[in-house]
Amino acid sequence: EDQVTQSPEALRLQEGESSSLNCSYTVSGLRGLFWYRQDPGKGPEFLFTLYSAGEEKEKERLKATLTKKESFLHITAPKPEDSATYLCAVQSGSGNTGKLIFGQGTTLQVKP
Amino acid sequence: KAGVTQTPRYLIKTRGQQVTLSCSPISGHRSVSWYQQTPGQGLQFLFEYFSETQRNKGNFPGRFSGRQFSNSRSEMNVSTLELGDSALYLCASSLMDAWGTQYFGPGTRLLVL
């Protein structure tokens, strides 16, 4: 069964303190791995799509990487506005059109 | 380009009632997926529509149904509401194929009393 596990559940950082969020997955035929950011009471905001092992994508202070078993979201010198819940999702190729399987998320708090 | 819009944003219903939620995808997007988000279960897939056809369905009871119109707008309906249906219902659209990036709307917050 396709599964996504994110760690840690919660992360507190000081402003400027870099760290990484982990997303481990088991899926039959990965079609894509997606990272989203979600603020309280809002819908998930798209960050990155990764398709194959070795792929990396960057946007401002965020960098996403992908291996055959996991993905990392690296946050460099975070700011308080980076505080949010970060969600990882996968889509498999076994007939699962339009279906994303989400992890439980990592709630990040960045203190000034 | 306008993002995904969902109406209404908030709803309060009582047990046994039914509810209809609406979603307008990003212009040009033809695939619409629906998700339920709760604190305990996280984000769970409900169903996906493409060209007015349901292509995929998650593990939810038959009380949950949906449809898509020719302009790609979609609705989902929940009949005989239960307390456990209280959740944030999210709609997401993608450009065309089954594997594209999904862009989410702001959600509809449903509270069942």
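For the structure, see preceding data.
Residues numbered from 1 in each chain as written. Chains lettered and ligands numbered in written order. Predicted model: local features only at pLDDT ≥ 70, side-chain atom pairs only at ≥ 80, totals over all residues. Heavy atoms only, no water.

J.: Now, about the environment of lysine 13 of chain B: what can you tell me, with residues and values included?
T.: Along the chain, lysine 13 of chain B falls in strand β2 (residues 10–13). In this structure, lysine 13 of chain B is in contact with Gln18, Val19, Leu81, Leu110, Leu111, Val112 and Leu113 of chain B, ignoring residues within four places of it in sequence. (Helix = DSSP H or I, 4+ residues; strand = E, 2+ residues; numbered from the N terminus. Contact = heavy atoms within 4.5 Å.)

J.: Account for the pattern of salt bridges, naming residues and giving values.
T.: Counted under the stated rule, the structure contains 9 salt bridges over all chains. We note a salt bridge from arginine 61 of chain A to aspartate 82 of chain A, for which the minimum N-O separation is 2.8 Å. One end of the pair, arginine 61 of chain A, is in the loop between β6 (56–59) and β7 (62–66); the other, aspartate 82 of chain A, is in the loop between β8 (70–75) and β9 (84–92), with 21 residues separating them in the sequence. Like aspartate 82 of chain A, arginine 61 of chain A is buried. Ionic pairing is found between glutamate 82 of chain B and arginine 63 of chain B, a salt bridge with its closest N-O pair at 3.6 Å. Of the two residues, glutamate 82 of chain B is situated in the loop between β8 (74–78) and β9 (87–94) and arginine 63 of chain B in the loop between β6 (53–57) and β7 (64–68); the sequence distance between them amounts to 19 residues. Residue glutamate 82 of chain B is classed as partly exposed on the basis of its relative accessible area, which comes to 43%. (Salt bridge = Lys/Arg side-chain N within 4 Å of Asp/Glu carboxyl O. Buried < 20%, exposed > 50% of the residue type's maximum accessible area, 1.4 Å probe, protein only.)

J.: I'd like to hear about the interface of chain A and chain B, residue by residue, with values.
T.: Each partner contributes residues to the interface: chain A has 23 residues there, and chain B has 24 residues. Summing both sides of the interface, chain A and chain B together bury roughly 1800 Å²; the carbon and sulfur share of this comes to 52%. Of all residues in chain A, Thr97, Gly98 and Phe102 of chain A bury the most surface against chain B, accounting for 27% of the area lost on that side. Here chain A and chain B share 4 residue pairs in polar contact (both at pLDDT 80 or more) between them. At the level of elements, β4 (30–38), β5 (45–50) and β9 of chain A are the ones that each hand at least two residues to the side of chain A that touches chain B. (Buried area = accessible area lost by both parts, 1.4 Å probe. Polar contact = N/O pair within 3.5 Å; in protein donor to acceptor, adjacent residues only side chain to side chain.)

J.: Pulling in residues and values, what's your account of the sheet that holds β6 of chain A?
T.: What links the strands of a sheet is backbone hydrogen bonding, and the strands pair in either a parallel or an antiparallel sense. All names here are of chain A. Strand order across the open sheet formed by 5 strands is β1-β3-β8-β7-β6, with antiparallel pairing between neighbours. Every interior strand has two partners, whereas the edge strands, β1 (3–7) and β6, have only one. Strand-to-strand twist in this sheet, taken as the mean axis angle between neighbours without regard to direction, amounts to 15°. Bridge analysis of β1 against strand β3 (residues 19–26) gives 5 bridges, and the strand direction is antiparallel. Directly across from serine 7, in β3, lies its bridge partner asparagine 22. (Pairing = 2+ DSSP bridges. Axes fitted to C-alpha atoms, helices over the stretch in contact; angles between N-to-C directions.)

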